[in-house]
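Structure assessment
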Amino acid sequence: MHIAAQHQPSQIQLNDQGNLKHFLTIEGLSKDTLHKILDTAQSFFDDNNNLITSPLLEGRTVMNLFFENSTRTRTTFEAAAKRLSANVLNIDIARSSTSKGETLRDTLWNLQAMAADIFVVRHSASGAAHFIAQTVCPEIAIINAGDGRHAHPTQAMLDMLTIQRESHKPFSDISVAIIGDIKHSRVARSDVAALQTLGCKDIRVIGPRTLLPVGFEEYAPDVQLFTNMDEGVKDCDVIIALRIQNERIDSPALSSQQEFYKLFGLDERRLALAKPDAIVMHPGPMNRGVEIASSIADGTQSVILKQVTNGIAVRMAVLALSMQGQLQAQGLIDALAI
Amino acid sequence: MHIAAQHQPSQIQLNDQGNLKHFLTIEGLSKDTLHKILDTAQSFFDDNNNLITSPLLEGRTVMNLFFENSTRTRTTFEAAAKRLSANVLNIDIARSSTSKGETLRDTLWNLQAMAADIFVVRHSASGAAHFIAQTVCPEIAIINAGDGRHAHPTQAMLDMLTIQRESHKPFSDISVAIIGDIKHSRVARSDVAALQTLGCKDIRVIGPRTLLPVGFEEYAPDVQLFTNMDEGVKDCDVIIALRIQNERIDSPALSSQQEFYKLFGLDERRLALAKPDAIVMHPGPMNRGVEIASSIADGTQSVILKQVTNGIAVRMAVLALSMQGQLQAQGLIDALAI
Amino acid sequence: MHIAAQHQPSQIQLNDQGNLKHFLTIEGLSKDTLHKILDTAQSFFDDNNNLITSPLLEGRTVMNLFFENSTRTRTTFEAAAKRLSANVLNIDIARSSTSKGETLRDTLWNLQAMAADIFVVRHSASGAAHFIAQTVCPEIAIINAGDGRHAHPTQAMLDMLTIQRESHKPFSDISVAIIGDIKHSRVARSDVAALQTLGCKDIRVIGPRTLLPVGFEEYAPDVQLFTNMDEGVKDCDVIIALRIQNERIDSPALSSQQEFYKLFGLDERRLALAKPDAIVMHPGPMNRGVEIASSIADGTQSVILKQVTNGIAVRMAVLALSMQGQLQAQGLIDALAI
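Residues numbered from 1 in each chain as written. Chains lettered and ligands numbered in written order. Predicted model: local features only at pLDDT ≥ 70, side-chain atom pairs only at ≥ 80, totals over all residues. Heavy atoms only, no water.

1. Focus: the overall build of chain A
Basically, it comes down to this: Helix and strand labels come from DSSP, where a helix needs a run of H or I of at least four residues and a strand needs a run of E of at least two; each type is numbered from the N terminus. C-alpha atoms define the radius of gyration, and 2.2 Å times the number of residues to the power 0.38 defines the globule rule. When accessible area is computed with a 1.4 Å probe and restricted to protein chains, residues below 20% of their type maximum are described as buried, those above 50% as exposed, and intermediate ones as partly exposed. When checking whether two residues touch, look at their non-hydrogen atoms; a contact exists if any pair is within 4.5 Å. Per-residue and other accessible areas were derived by the Shrake-Rupley procedure at a 1.4 Å probe size, with only the shown protein chains allowed to occlude residues. Charge convention: Lys and Arg are scored as positive, Asp and Glu as negative, and His as well as the terminal groups of each chain are ignored. Here the site of a charge means NZ on Lys, CZ on Arg, CG on Asp, or CD on Glu.
Regarding its fold elements, chain A presents 14 helices and 9 strands. In terms of overall size, chain A behaves like a compact globule, its C-alpha atoms giving a radius of gyration of 20 Å where 338 residues would be expected to give roughly 20 Å. With respect to the principal axes defined by its C-alpha atoms, chain A has extents near 55 × 45 × 35 Å. Among the 338 residues that make up chain A, the fraction classed as buried is 62%. By sequence separation, contacts in chain A at least 24 residues apart represent 74% of the contacts at least 6 residues apart. Surface accessibility of chain A: about 12500 Å² in total, with carbon and sulfur atoms responsible for 46%. Side chains of chain A carry 31 positive and 37 negative charges; the gap between the two charge centres is 3 Å.

2. Observations concerning the interface of chain A and chain C
The test is simple: Definition used for salt bridges: Asp or Glu carboxyl oxygen within 4 Å of a side-chain nitrogen of Lys or Arg. Counted as a polar contact is a pair of N or O atoms within 3.5 Å, where, for protein atoms, one must be capable of donating a hydrogen and the other of accepting one, and residues adjacent in sequence contribute only when both atoms are in side chains. For this classification, Asp, Glu, Lys and Arg are treated as charged, while Ala, Val, Leu, Ile, Met, Phe, Trp, Tyr, Cys and Pro are nonpolar and the rest, including Gly, are polar.
Contact with chain A, which involves 24 residues of that partner, is made by 22 residues of chain C. Across the contact surface, chain A and chain C share 2 salt bridges. For A:R72, the salt bridge is made with C:E102, and the minimal N-O distance between the two is 2.7 Å. Between the two partners, chain A and chain C, sit 6 residue pairs in polar contact (both at pLDDT 80 or more). Only α3 (71-83) and α14 (304-329) of chain A provide two or more residues apiece to the side of chain A that touches chain C. Among the elements that take part in the side of chain A that touches chain C, α3(A) stands out by supplying 9 residues, more than any other. Classifying every residue of the side of chain A that touches chain C by side-chain character gives 7 nonpolar, 9 polar and 8 charged.

3. Points about the relation of the copies chain A and chain C
The line we're drawing: In this comparison the copies share one frame, found by least squares on the C-alpha atoms of residues holding pLDDT of at least 70 in both.
If you rotate chain A by 120 degrees and push it 0.0 Å along the axis, it lands on chain C with an RMSD of 0.0 Å. These values place the two chain copies in the arrangement generated by a three-fold rotation axis.

4. Section: helix α2 (residues 31-42) of chain C
Residues and elements named next belong to chain C. Definition in use: Here a helix's expected span is defined as the number of its residues, less one, multiplied by 1.5 Å. By arc we mean the arc of the directions from the helix axis to the C-beta atoms, nothing more.
Taking 1.5 Å of rise per residue, the 12 residues of α2 would be expected to cover 16 Å, and the 16 Å separating its terminal C-alpha atoms lies within 8% of that figure. Residues T33, L34, I37, L38, T40 and A41 constitute the buried set of α2. Seen from one end, α2 has its buried residues packed into an arc of 165 degrees, which puts them on one side. Buried residues in α2 make contact with α7 (153-167), α8 (186-197) and α14 (304-329).

5. A few points about unusual backbone geometry
Residue and element names in this part refer to chain A. At the junction of G284 and P285, the peptide bond is cis and its omega measures out at -15 degrees in the coordinates. Inspection of the secondary structure puts P285 in the loop between β9 (279-281) and α13 (294-297). With a phi angle near 70 degrees, S85 is a residue other than glycine that sits in the positive phi range.

6. Here's the deal with the packing of helix α7 (residues 153-167) of chain B against helix α14 (residues 304-329) of chain B
All names here are of chain B. Defined as follows: Inter-axis angles, ranging from 0 to 180 degrees, are taken between N-to-C directions of lines fitted to C-alpha atoms, where helices are fitted over the stretch in contact. Left-handed describes a crossing in which the near helix is turned anticlockwise from the far one by less than a right angle; the clockwise case is right-handed.
Put simply, α7 and α14 touch, their axes get as near as 8 Å, and they point 120 degrees apart. Between α7 and α14 lies a crossing whose hand is right-handed. Here T154, Q155, M157, L158, D159, L161, T162, R165 and E166 of α7 lie close against α14, whose contacting residues are K306, Q307, N310, G311, A313, V314, R315 and V318. Counted by class, the contact of α7 with α14 contains 6 nonpolar, 6 polar and 5 charged residues.

7. Thoughts on the UniProt feature "binding site: carbamoyl phosphate" (unreviewed entry) in chain A
Residues and elements named next belong to chain A. Here is the rule: UniProt positions are given in the numbering used here, feature names are shortened, and annotations may be inferred rather than shown by experiment.
Within the UniProt annotation, "binding site: carbamoyl phosphate" (unreviewed entry) is assigned to R72, T73, R122, H152, Q155, G284 and P285. Structurally, R72 is set in helix α3. The topology assignment puts T73 in helix α3. Not counting the four nearest positions on each side in its chain, T73 is found in contact with F66, R122, A145 and H152. A distance of 3.1 Å separates polar atoms of two side chains, one belonging to T73 and the other to S70.

8. Side note on the UniProt feature "binding site: L-aspartate" (unreviewed entry) in chain A
Within the UniProt annotation, "binding site: L-aspartate" (unreviewed entry) is assigned to A:K100, A:R186 and A:R243. A maximum C-alpha distance of 36.9 Å among these annotated residues, which run over 144 residues, shows that they spread across the structure rather than meeting at one spot. The topology assignment puts A:K100 in the loop between α4 (93-96) and α5 (104-113). For A:K100, a relative accessible area of 39% corresponds to the partly exposed category. Here A:K100 is in contact with B:R243, B:N246, B:P285 and B:N287, once residues within four sequence places are set aside. Note that A:R243 resides in the loop between β8 (238-241) and α11 (257-264). Setting aside chain neighbours within four positions, we find A:R243 in contact with A:D181, A:H282, A:P283, A:G284, A:P285, A:M286, A:N287, A:E291 and C:K100.

9. Focus on the interface of chain C and chain B
We count it as follows: Each of two parts loses accessible area, computed with a 1.4 Å probe, when they are put together; buried area is these two losses added.
Counting from both sides, the interface comprises 24 residues of chain C and, opposite them, 22 residues of chain B. Interface area, chain C with chain B, both sides summed: about 2000 Å², of which 55% is carbon and sulfur. The tally of links between chain C and chain B comes to 2 salt bridges. When residues of the side of chain C that touches chain B are traced back to their parent elements, those giving at least two are α3 (71-83) and α14 of chain C. Here the side of chain C that touches chain B takes 9 residues from α3(C), the largest share from any one element.

10. Topic: the sheet that holds strand β2 (residues 87-91) of chain C
All names here are of chain C. Let me state the cut-off plainly: Here the rule is simple: two strands pair whenever DSSP picks up at least two bridges between them.
If you walk across this open sheet you meet the 4 strands as β2-β1-β3-β4, and the pairing is parallel. Sheet topology places β2 and β4 (141-147) at the edges, where each strand pairs with a single neighbour. Averaged over all pairs of adjacent strands, the angle between strand axes in this sheet comes to 15 degrees, irrespective of strand direction. Against the sheet, helix α6 (residues 128-136) makes contact with β3 (118-123) and β4, and its axis sits at roughly 165 degrees relative to β4, the strand it touches most.

See below:
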């Protein structure tokens, strides 16, 4: 698939009224749009903080197109779409397309013609979802479920929802530290973009020099880089420990799990350096004893499992909002129902 | 599986009132029955030509039994059944049956006993769906989703619906040309049967001599055979380009893709020989540049993607009608609700 | 997974009001609880003995966690949950957990945090479902879909429902013979426990000495063991023929299929030794001509396919009851709605 980017993603993913019609990347979205997503996600919780079900996507067909396998992420989207009363079809996209000599474009057009309303796309190539939204199926709501090292925007939004629900402080007043393999993490990149848009002024990135991205300073000039973890977590409100991919261990970039834990593992001593009410986050799956001590993962400051639940709410929000934005773009409704 | 055919399929698939209770093959169905399917399919479009959802199969259980893999066809049936509000179960039929030494008959009886209402059956053996309907599970509505080289009746009906919706001419007044690998195509055989029943008087079949079926003249005496494409498409209203199976290329029957395209590929020059308002169809997946030029596939006369959408409507129709016919056969309803 | 059993299962699976909140094993459940399950299952049939659909699990999320493959059992739970209007997610649990270095506990907690309400668990290790209910996810309704050689409690309850619906005699008045590989059968063990609780006084176990469990006499002191089948089936009301696992054939325990059939196959002569109105059951998949003659399997006394349908009803019952018991345990409802 040739990945082009003729327009800015921010333009592509909004309709003429400025509402989401695809959800591709955090970058370029306004503070208002991010708050709209957070507010919509928040509206899917009842008074007991349990997720509700909603008829917002009743009669709509959501297709999961996972070009690269991710059982966990697919399951969260399937659960979210079903909570919105959608029909969900998991397409074996690897098998159904190129194996028969058909072009990917024709495969996608065929799926669209089966009366699909939303494609949830996961692809190893950066910009794949963007490419589909821009040049293949612009009238289908395209939701980016992770592409290459570039973007994982629903993960970023569930992190933001978790910070908002659990830290009880405005984004402008908090210090956020992101620890670990910043270089290869789609989460880190998306989180930084979301935090900056939401007005967070103190973003810190902590890791071994080999796992800090080259050129990050230019990309994110306001972000502080730390190679010393104790300094980095000092007085933080939010600590996000990233997953170390197993394939990075024992590479030149990372000598051993033990070595990483010694230098950058989140343990009780280091957590004590943060604010007393700091919250601890991790995108999962966790390597206990590598990125994080088990006592912290299961401790009172951990909101790691709340992130998972918030992930369902956020995915419900972007599915519902993008569908509404498509209907508005196509003149089928005047104003969003949510 | 031993495939018997003690009764005519046309008898098997109708209840005592003459309504469908299985959908196995086009052959033997009356013009009225085909029009009933087309009218029902048409009723699933709203005023904007979008597919509706319907409660017709609410509380019903549809099981997809794909003995041979076909992700695309399975997906269309799953989408159709869900639009009718059915519960859909995709059964891993290859794994669940013979692997444990159980007979296929016992496996099917077990699935029936799980309170299934409809089986959608895809099998490589001609007559498999017919056999199941006749001797294994006559009280389950059996829908043939393609069997061997014999029949692909929902494909034929979606082609008919597409001709009806897009050519805007009565079947008795149109000329239809079917091009390519007629010999191995279940689509060709089913299309010819449907067109003849619907009163089409000018059916032409075009292809290299090696890919024309032996004995086709007797089987379909009114069909004209052409080995020269220019002559075959002249003044046609409908052109159906069939898929060339990759495994036929470089066989004695077919020297090369280039050679096929040169002799039988649908390009702009040849399309110009047909009527100016001729429509172009293809069952997919397409080999662009083999059966059809890309400019034609994407051109204004192509209705190839409309075929896909019509395929959902037609599958909804045969699912709903066969269910109704079963209920009537079992004395549970007096008259069809549709 | 380390399997602990600090409390009795009977305590674990009941809430403070004595209602089911998990369904793990028959052992330890009261006669009243078993009758509650049977009555609830019975309530899911309409006047024509067809299964109804019900909104009892509307808005609830059921996750199928099959650590060991069993297409048939998974399908029955999926069908049952969908008949109760639940959202059903089939989790590829083998792929999603340990492959990424995550602990099973974390995987399960993640699935719980996706707003799951019920886990249906199948595992090759005895006590796995119990372990999850007790120490990992006590607030999720855990349904045991078979674990190791230990328990297969929904199979036992569908057997009880079948006896109740088809033999038309009270449990206290019937003689039940279970034939075959008692030693390796989770069905046999669960059936005996259920029959004893329901007051059955004449339970017989029939098989070759090598396939009778060591210590069964202590475990089930009231059960009679027979190595002569003619004696064992004499005047029985219910005959349950167990499946012989193919891997046992040609082992020291079992010389050949022919030999087994000769000594323990249920044929017409032996069935004639039982009561004239005796019913014949088999948990499936059947090896015709090994455990049972085809003429018996398909004969008038066979209720084998009714077992399958009753299996849907029983699974609906334990899903619905366990969900209600969890809601009651968590103070969200005062009394069961069923």
